[in-house]
Amino acid sequence: MQLGVVGLGRMGRIVVDRTLDAGHDVVAFDIDAAAREDAADAGATPADSLAALADELDDEKRIWLMVPAGDAVDAALSELEPHLSDDDVVVDGGNSHFEDSVRRAEETPAAYLDCGTSGGPAGAELGFSLMVGGPAWAYEELVPVLDAVATGPDGHARMGPAGSGHYVKMVHNGVEYALMQAYGEGFELLHEGRYDLDLEAVAGVWNNGAVIRSWLLELCEEAFREEGVALGTVADRIEGGSTGTWTVQEALTQEVPLPLIYAALSERFGSRADEGRFSRRLANRLRYGFGRHEVQRLDDA
Ligand SMILES: NC(=O)C1=CN([C@@H]2O[C@H](COP(=O)(O)OP(=O)(O)OC[C@H]3O[C@@H](n4cnc5c(N)ncnc54)[C@H](O)[C@@H]3O)[C@@H](O)[C@H]2O)C=CC1
Ligand SMILES: O=C(CO)[C@H](O)[C@H](O)COP(=O)(O)O
């Protein structure tokens, strides 16, 4: 099978490499020339524009987008549009908002698969978990490539119609936020608490048979091993947040309570308040107001 891959960063390169390793042909494009050259070194046919990528592909084009969510997806689709027909299939493997995917599925003159991708760069060796939305025939057409990019045939499934793949991935990420928060709170108590614990050893023993073992917990163990059990110079600031925000917005629309995911998202926002949380500063001052308790001043820190 022949696959065009657009976007050759951390995730797109894995799509390229695993597809090539499975014996398929890859035509690769990225706006970054160095990324194109690297993909060529790995065995892909480089294209220096999206038009060139489309020209290089046979009829019944299969194209996988792995670019940042948002404008980059729309930009790539609008350049590809004149070269697409309804025999072609375009996959968006990035973290797009599911409503954007529904719109793009309607606007794109090809079958459109929205594909939630989980596994991160570790997927280079293991393969990804792929949650796919869109027409069943297009999903079936892509099975040889999905088998290669995923952990295998069990690593991908069609979730339903347009948008459902990215919808499932959005919720996956909400769960990811909450799990990270839960591990973080547990380890914070162990770190601050009454025993002098080796948190790497705690994570290690939990990862061997404990109810709460998981890949995220293995990553906790790795973090303590590489940064030290007090996390060294790692700052208390958490970036990201788009997919978690979408999860909470959707929960509000559906009136489904998600207190854990919302709390985890709030912690991220709170971590970015450079001069401390305004609400905590106000509470500090209010204690003086009602009880004449001493106000803690910034200079006191
Ligand atoms: N890094 C991760 O762990 C995961 C990322 N994702 C999603 O996968 C997508 C890609 O992520 P990464 O590979 O991590 O990003 P990245 O920043 O490593 O790579 C993105 C690549 O796309 C290229 N690019 C940008 N605009 C382009 C355009 N218009 N045409 C062609 N190439 C273009 C960039 O030059 C870059 O090489 C994003 O939607 C991300 O949210 C999904 C799951 C996990
Ligand atoms: O999808 C992913 C993992 O499953 C990506 O790593 C994503 O970037 C995680 O979300 P955030 O950047 O908000 O932490």
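Residues numbered from 1 in each chain as written. Chains lettered and ligands numbered in written order. Predicted model: local features only at pLDDT ≥ 70, side-chain atom pairs only at ≥ 80, totals over all residues. Heavy atoms only, no water.

Draft legend 1. Representation of the UniProt feature "binding site: NAD(+)" (unreviewed entry) in the chain. Under the local residue numbering, the UniProt record ascribes the feature "binding site: NAD(+)" (unreviewed entry) to G7, L8, G9, R10, M11, G12, V67, P68, A69 and N95. Mapped onto the secondary structure, V67 falls in the loop between β4 (62–65) and α4 (71–80). On the basis of relative accessibility, which here comes to 16%, the residue V67 falls in the buried class. Setting aside residues no more than four positions away along its own chain, V67 makes contact with V6, G7, A72, V73 and G94. Looking at the secondary structure, you find A69 in the loop between β4 and α4. In contact with A69, other than residues within four places in its own chain, are N95 and S96. (UniProt positions renumbered as here; feature names shortened; annotations may be inferred. Helix = DSSP H or I, 4+ residues; strand = E, 2+ residues; numbered from the N terminus. Buried < 20%, exposed > 50% of the residue type's maximum accessible area, 1.4 Å probe, protein only. Contact = heavy atoms within 4.5 Å.)

Draft legend 2. Structural context of the site of ligand 2. Inspection of the region around ligand 2 gives N95, K169, H172, N173, E176, Y177, G240, G241, T243 and R268 as its neighbouring residues. K169 has a polar side-chain atom sitting 2.6 Å from an oxygen atom of ligand 2. Residue R268 places a side-chain N or O atom 2.8 Å away from an oxygen atom belonging to ligand 2. If ligand 2 stood free it would expose 370 Å²; the protein chains cover 62% of that surface. The element contributing the most residues to the shell around ligand 2 is helix α9 (residues 164–192), with five residues. Residue composition of the shell around ligand 2, grouped by class: one nonpolar, six polar and three charged. (Near = heavy atom within 4 Å. Polar contact = N/O pair within 3.5 Å; in protein donor to acceptor, adjacent residues only side chain to side chain. Areas by Shrake-Rupley, 256 points an atom, 1.4 Å probe, with all protein chains shown as cover. Nonpolar A, V, L, I, M, F, W, Y, C, P; charged D, E, K, R; others polar.)

Draft legend 3. Molecular detail of the nonpolar core. Membership of the largest hydrophobic core comes to 30 residues, with the highest contact counts inside it found for V15, W64, L113, L130 and L142. F29, V73, L77 and L80 belong to the second largest nonpolar core, which has 18 residues in total. (Core = buried A, V, L, I, M, F, W, Y, C linked by side-chain atoms within 4.5 Å.)

Draft legend 4. Representation of the UniProt feature "binding site: substrate" (unreviewed entry) in the chain in the model. In the numbering used here, UniProt assigns the feature "binding site: substrate" (unreviewed entry) to N95, S118, G119, G120, H172, N173, Y177 and R268. With respect to the helices and strands, the residue S118 is situated in strand β6 (residues 111–118). Every residue in contact with S118, bar those within four places of it in the chain, is listed here: F128, S129, M131, K169 and H172. Tracing the backbone shows H172 in helix α9. The class for H172 is partly exposed, based on a relative accessible area of 26%.

Draft legend 5. Structural detail: the site of ligand 1. Close contacts around ligand 1 come from 20 residues, with R10, M11, D30, N95 and T117 the closest. R10 places a main-chain nitrogen or oxygen 3.0 Å from an oxygen atom of ligand 1. Here V67 contributes a backbone N or O atom positioned 3.2 Å from an oxygen atom of ligand 1. Calculation on ligand 1 without its partners gives an accessible area of 840 Å², and the protein chains cover 76% of this total.

Draft legend 6. Broad picture of the packing of aromatic side chains. The final tally for this structure, using the stated rule, is three aromatic pairs. Ring plane angle 65° and centroid distance 5.0 Å describe the contact between F187 and F224, whose orientation is recorded as edge-to-face. Separated by 37 residues along the polypeptide, F187 in helix α9 and F224 in helix α11 (residues 215–227) bring together distant segments of the chain. Assigned by exposure class, F187 and F224 land together as buried. An aromatic cluster of three or more residues is present, and its members are F187, W206 and F224. Between R292 and the ring centre of Y288, over which it is positioned, the NZ or CZ distance is 4.4 Å. (Phe/Tyr/Trp six-rings, centres within 6.5 Å; stacked < 30°, edge-to-face > 60°. Lys NZ or Arg CZ within 6 Å of the ring centre and 35° of its normal.)

Draft legend 7. Up close: the layout of surface pockets. Taken as a whole, the second largest pocket holds about 210 Å³ of empty space. Every residue lining the second largest pocket is listed: F278, R281, L282, N284, R285, V295, Q296, R297 and L298. Of the residues assigned to the lining of the second largest pocket, the class counts are four nonpolar, two polar and three charged. (1 Å grid on protein atoms, 1.4 Å probe; cavity = no way out; pocket = protein on both sides within 12 Å on 5 of 7 lines; lining within 4 Å. Points joined across faces, edges and corners; volume = space filled by probe spheres on them.)

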